[in-house]
Amino acid sequence: MSDLGPVDPGHAADAAWLRRWRLRLDGDPRTTASSTLMPVLTQALEPAMLKIAHADEEQRAAELLARFDGRGVARVLRRSGSALLLERATGSRDLVRMVGAGLDDEATRIICAAASTIHAASDRVLGGDDPLPLVELRTWFQHLFALADDLGPLHRRGAEFAAALLDDPRDEVVLHGDLHHGNVLDFGERGWLAIDPKGLFGEAAFDYCNLLCNPSHERALEPGRLERRFRVVVEESGLEPRRFGRWLVAWCALSSTWFEIDEDPGHAGSAAAIGELALGLA
């Protein structure tokens with residue numbers, strides 16, 4: 001069979017992996033700041049996703065996915081250098097659409113289950129002979145600690161919460177780092193699995209924060225939604241509510257800080273607004 005099909009000249013270097021692994025394009029390539037993604041078919045006509053890393057964090061994610069060996073995450077089919085071949089999500093269900101259809105509680109429980117499976121595999125992931133290049137949560141919060149005093153009361157409060165939580169670590173595991181409705185996909189018979197881990201290490205509660213702010217800030221800020229999702233997460237995860245509330249404030253402050261750095265005041269403001277609501281839960 002033809003292993004390439006039409007390829008944009010801009011992707012010529014990445015397309016070399018198609019030839020090397022005898023893959024056929026099965027959709028349009030997509031390039032982000034950190035990687036190129038190509039939906040492909042293998043020689044056995046199995047759907048897969050070819051991912052070519054262009055940033056160090058993607059290399060770290062590839063190593064992490066390989067260590068998980070399909071437990072709660074997309075399975076690695078092949079890996080070499082900057083190239084990663086993953087099983088592809090082909091199921092018809094979608095968490096963003098579920099939220100739009102009024103199934104918010106169900107979507108939240110699905111993401112919680114994905115987090116639980118990932119955290120349960122932590123000992124196995126850390127058990128290899130070679131150290132895994134994970135990022136400590138204290139490092140992840142460095143921008144908030146550096147800029148909080150210049151940004152506002154919510155950011156200062158979030159930084160205070162983060163520092164206190166990090167000084168009193170509990171239930172530390174390998175974290176996905178970016179669990180939300182767009183990063184947990186339907187893999188058919190394999191169920192709901194996560195993609196695109198950040199490769200962090202820290203308290204398990206951190207991994208549940210981002211889902212409360214998604215699939216959009218506007219949705220998260222709808223009256224009563226944050227409080228209801230918060231209750232669902234606590235029920236599903238067994239997290240201590242007050243401590244989880246403080247992690248949520250800290251996460252919102254960090255997220256808002258990143259948007260400020262990116263010169264996106266709209267999202268910086270809405271992330272901070274979610275954090276203000278979360279103060280009532282902390």
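Residues numbered from 1 in each chain as written. Predicted model: local features only at pLDDT ≥ 70, side-chain atom pairs only at ≥ 80, totals over all residues. Heavy atoms only, no water.

### What to know about the packing of helix 10 (residues 225–237) against helix 11 (residues 241–261)
Next up, step 1: Between helix 10 and helix 11, whose axes approach to 11 Å, the crossing angle comes to 125 degrees. With respect to their mutual orientation, helix 10 and helix 11 come out oblique. For the pair helix 10 and helix 11, the sense of crossing is right-handed. Counting all contacts with helix 10, which are made through Leu226, Phe230, Val233 and Val234, the residues of helix 11 involved are Pro241, Phe244, Gly245 and Leu248. (Axes fitted to C-alpha atoms, helices over the stretch in contact; angles between N-to-C directions. Helix = DSSP H or I, 4+ residues; strand = E, 2+ residues; numbered from the N terminus. Parallel < 35°, antiparallel > 145°, perpendicular 65-115°, else oblique. Left-handed = near helix turned anticlockwise from the far one by under 90°. Contact = heavy atoms within 4.5 Å.)

### Side note on the nonpolar core
Next up, step 1: Core analysis: the largest hydrophobic core is formed by 68 residues, its most contacted members being Phe206, Phe244 and Trp247.
Next up, step 2: The dominant element in this core, judged by the number of residues it contributes, is helix 11, at nine residues.
Next up, step 3: The residues contacting Trp247, other than those within four sequence positions of it, are Leu137, Phe141, Leu165, Leu166, Glu203, Ala205, Phe206 and Cys209.
Next up, step 4: Ranked by size, the runner-up nonpolar core spans 13 residues in total, among them Leu18, Trp21, Ala48 and Leu85. (Core = buried A, V, L, I, M, F, W, Y, C linked by side-chain atoms within 4.5 Å. Buried < 20%, exposed > 50% of the residue type's maximum accessible area, 1.4 Å probe, protein only.)

### Some points on the pairing of strand 5 (residues 76–80)
Next up, step 1: Alignment of strand 5 against strand 6 (residues 83–87), held across four bridges, turns out to be antiparallel. Counterpart to Ser80 in the pairing with strand 6 is Ala83.
Next up, step 2: Where strand 5 folds back on strand 6, the antiparallel hairpin that results is connected by two residues, among which Gly81 adopts a positive phi of roughly 55 degrees. (Pairing = 2+ DSSP bridges.)

### Let's talk about the layout of surface pockets
Next up, step 1: Estimated volume of the largest pocket: approximately 1,200 Å³.
Next up, step 2: Mapped onto the lining of the largest pocket, the elements with two or more residues apiece are strand 3 (35–41), strand 4 (47–53), helix 2 (56–68), strand 6, helix 6 (137–140), helix 7 (142–151) and helix 11. (1 Å grid on protein atoms, 1.4 Å probe; cavity = no way out; pocket = protein on both sides within 12 Å on 5 of 7 lines; lining within 4 Å. Points joined across faces, edges and corners; volume = space filled by probe spheres on them.)

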